[in-house]
Amino acid sequence: MTLPRQCAAACRTGGGGGVVRCRAVAAAGGAVAVRDAVVAPVARRGAARKTAETVAGMWREVQGCGDWEGMLEPAPHPVLRGEVARYGELVGACYKAFDLDPASRRYLNCKYGRERMLEEVGMGGAGYEVTRYIYAAADVSVPTMEPSTSGRGRWIGYVAVSTDEMSRRLGRRDVLVSFRGTVTPAEWMANFMSSLEAARLDPCDPRPDVKVESGFLSLYTSADKTCRFGGAGSCREQLLREVSRLVAAYSGGGEDVSVTLAGHSMGSALALLSAYDLAELGLNRAAPVTVFSFGGPRVGNAAFKARCDELGVKALRVTNVHDPITKLPGVFLNEATAGVLRPWRHSCYTHVGVELPLDFFKVGDLASVHDLATYISLLRGADKKQPAAAAADAGGVLAKVMDFVGRRRGGGGGGALPWHDAAMIQMGGLVQTLGLI
């Protein structure tokens, strides 16, 4: 039995009909030492199968240890599907907690303190404790009639850790990083900065060939110029400090630990950048690093993908085949480029990870193809409801954001916001190009 090089797990036979279980492997000096491996019987029957097919019994497979081989076709494994939907709901908490009221003193930040945020958005039983809020600032110019949000830190998500009870259910201590998608004008403009830029996140090995979208890199690495959050530093600095602290605290106590990064839209790009960064700095030797991406765009070039693969970054991309955002950047030049343009393929944007495709489209409601609530309802099976009805019950987060944008256009002087017009023009052209209308 050959295990993935970065899986950091060895298999052993459990106590029940040869059920395969995984355990953490000691890593000394950065070298992974596989103690023993036993090939499991192919057939799993009765109680043995019931035991194995729980989250605790197969958490490494759910986190991508085997690149989800055999878990996606012909239909997603029910345990995997449930876990992916659960992480989507934890991303949805970011939208529910995000303050879109211009009159609020917490405008464009989180409405609640971190101790009660999950409870306030109806997820008090999620089994996680929020340990830190994360803020990001985009160092971009924003053509707007409102005060600029360029260089100003905004709440982008949170870091949380599973409780003792949830950790027992999961089979390990889970460190979660959750990112929301695009809301502010500066974030919209960052999304349109489609030029590739060398990431250079490891000062000891900058790798100039590894390039990522410059707007996403700006959001990840730019510090808040207003110092509104006590000099917290960039999104990157905040994450590295908190995630490394939590992993060291729990793995040092002998627990199995995982690092899960989940995000929607722009948030999935930040999740992948963070996962690459953590792996490049070696943190995935202590804990497997996994990304669950919902409606995520491409982030970097072919060298970025190759380096993520080499480092063992695991990414499951949940996509709607009709979602135009998943086609960006690189609508025409990407990993599928062939023919006379094939020589340029390695300089093009390239998706990272394994795709879990969904299929949903509603005429007259184009926003639903990218809405996180729709993604989650499809994964959940929507309790026998039609996807559109389930998404409506959950509250379409994209629709709420666009309603907020519309209200900002209508108020405060009646002038159109240039960044909003640019966004709509770009989106409209892309939708037509892809043949969605």
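As the structure is a prediction and not an experimental result, all values here were calculated from the model.

1. Brief notes about the overall build of the protein
Inference 1: Secondary structure summary: the protein contains 14 helices and 15 strands in total.
Inference 2: Residue pairs at least 24 apart in sequence account for 69% of intrachain contacts in the protein once pairs closer than 6 positions are excluded.
Inference 3: Put simply, the protein shows about 18,700 Å² of open surface, and 53% of that area lies on carbon and sulfur atoms.

2. Quick word on the packing of helix 3 (residues 78-97) against helix 11 (residues 372-380)
Inference 1: Between helix 3 and helix 11, the least distance of the axes is 9 Å, while the angle of their chain directions is 155 degrees. In this view, helix 3 runs roughly antiparallel relative to helix 11, as classed from their interaxial angle. In this structure, helix 3 crosses over helix 11, and the sense of that crossing is left-handed. For the pair helix 3 and helix 11, the contacting residues are R81, G82, V84, A85, R86, G88, E89, V91, G92 and Y95 in the first and L372, I376, L379 and R380 in the second.
Inference 2: Split by residue class, the contact of helix 3 with helix 11 holds 7 nonpolar, 3 polar and 4 charged.

3. Thoughts on helix 11
Inference 1: Within helix 11, 7 of the 9 residues are buried, leaving the element largely enclosed by the surrounding structure.
Inference 2: Of the residues making up helix 11, those classed as buried are L372, A373, T374, Y375, I376, S377 and L379.
Inference 3: The distance from a side-chain oxygen at the start of helix 11 to the backbone nitrogen of A373 is 2.9 Å, and the residue carrying that oxygen is D371.
Inference 4: G381 occupies a position one or two residues after helix 11 and carries a positive phi of about 80 degrees.

4. A closer look at the pattern of salt bridges
Inference 1: Under the definition given, this model contains 14 salt bridges.
Inference 2: Residues R86 and E83 are paired through a salt bridge, measuring 2.8 Å at the closest nitrogen-oxygen approach. With R86 and E83 both in helix 3 and 3 residues apart, this pair spans about one turn of that helix.
Inference 3: With a relative accessible area of 9%, R86 lands in the buried category.
Inference 4: Classification of E83 as buried rests on a relative accessible area of 3%.
Inference 5: With its nearest N and O atoms 2.8 Å apart, the salt bridge here joins D164 to R173.
Inference 6: Assessed through its relative accessible area of 7%, R173 is described here as buried.
Inference 7: Within the structure, one salt-bridge network assembled from shared partners comprises E83, R86 and R169.

5. What to know about the pairing of strand 11 (residues 289-294)
Inference 1: A large share of strand 11 lies buried, amounting to 6 of its 6 residues.
Inference 2: Burial of the side chains of strand 11 extends over both faces: V289, V291 and S293 are buried on one face and T290, F292 and F294 on the other.
Inference 3: Read from strand 10 (residues 257-264) through helix 9 (residues 266-280) to strand 11, the crossover connection turns out right-handed.
Inference 4: Bridging between strand 11 and strand 13 (residues 314-320) involves 5 bridges; their strand directions are parallel. Counterpart to F294 in the pairing with strand 13 is V318.

6. Topic: the nonpolar core
Inference 1: Counting 50 residues, the largest nonpolar core has L90, M117, L118, Y128, W155 and Y158 as the members making the most contacts within it.
Inference 2: In terms of residue count, the dominant contributor to this core is helix 3 (11 residues).
Inference 3: If we ignore the near neighbours within four places in the chain, the residues touching Y128 are R86, Y87, L90, L118, A160, V161, S162, T163, M166, L170, D174 and L176.
Inference 4: V175, A199, L283 and F304 belong to the second-largest nonpolar core, a separate cluster that totals 47 residues.

Calculation criteria
- All chains use their own residue numbering, which begins from 1 and follows the written sequence.
- The model is predicted, so local features are restricted to residues of pLDDT at least 70 and side-chain atom pairs to those at 80 or more, both for listing and for counting; the totals for chains, interfaces and linings are taken over all residues.
- The side-chain numbers reported here are obtained from all heavy atoms of the structure, hydrogens and water having been left aside.
- In this description a helix means any DSSP run of H or I spanning at least four residues, a strand means any run of E spanning at least two, and both kinds are numbered starting from the N terminus.
- Between two residues, a contact is recorded if the distance between any of their heavy atoms is within 4.5 Å.
- Per-residue accessibility takes into account occlusion by the displayed protein chains alone, with areas from the Shrake-Rupley method and a 1.4 Å probe.
- Axes here refer to lines fitted to C-alpha atoms; in helices the fit is confined to the stretch in contact. Angles between the N-to-C directions go from 0 to 180 degrees.
- Roughly parallel means an angle under 35 degrees; roughly antiparallel, over 145; roughly perpendicular, 65 to 115; everything else is oblique.
- Handedness of each helix crossing follows the sense of rotation of the near helix against the far helix: counterclockwise by less than a right angle gives left-handed, clockwise gives right-handed.
- Under the scheme applied, nonpolar residues are Ala, Val, Leu, Ile, Met, Phe, Trp, Tyr, Cys and Pro; charged residues are Asp, Glu, Lys and Arg; polar residues are all the others, including Gly.
- We call a residue buried when its accessible area falls under 20% of the maximum for its residue type, exposed when it is over 50%, and partly exposed in between, using a 1.4 Å probe and counting protein chains only.
- Between N or O atoms, a polar contact is any pair within 3.5 Å; within protein, one atom must be a potential hydrogen donor and the other a potential acceptor, and residues adjacent in sequence are included only when both atoms are from side chains.
- A pair is scored as a salt bridge if a Lys or Arg side-chain nitrogen falls within 4 Å of a carboxyl oxygen belonging to Asp or Glu.
- By convention a crossover is right-handed if, when the strands point away from the viewer, the path from the first strand over the helix to the second runs clockwise.
- DSSP calls a pair of strands paired once it identifies at least 2 bridges connecting them.
- Each nonpolar core is a collection of buried residues, namely Ala, Val, Leu, Ile, Met, Phe, Trp, Tyr and Cys, held together in the definition by side-chain atoms within 4.5 Å.

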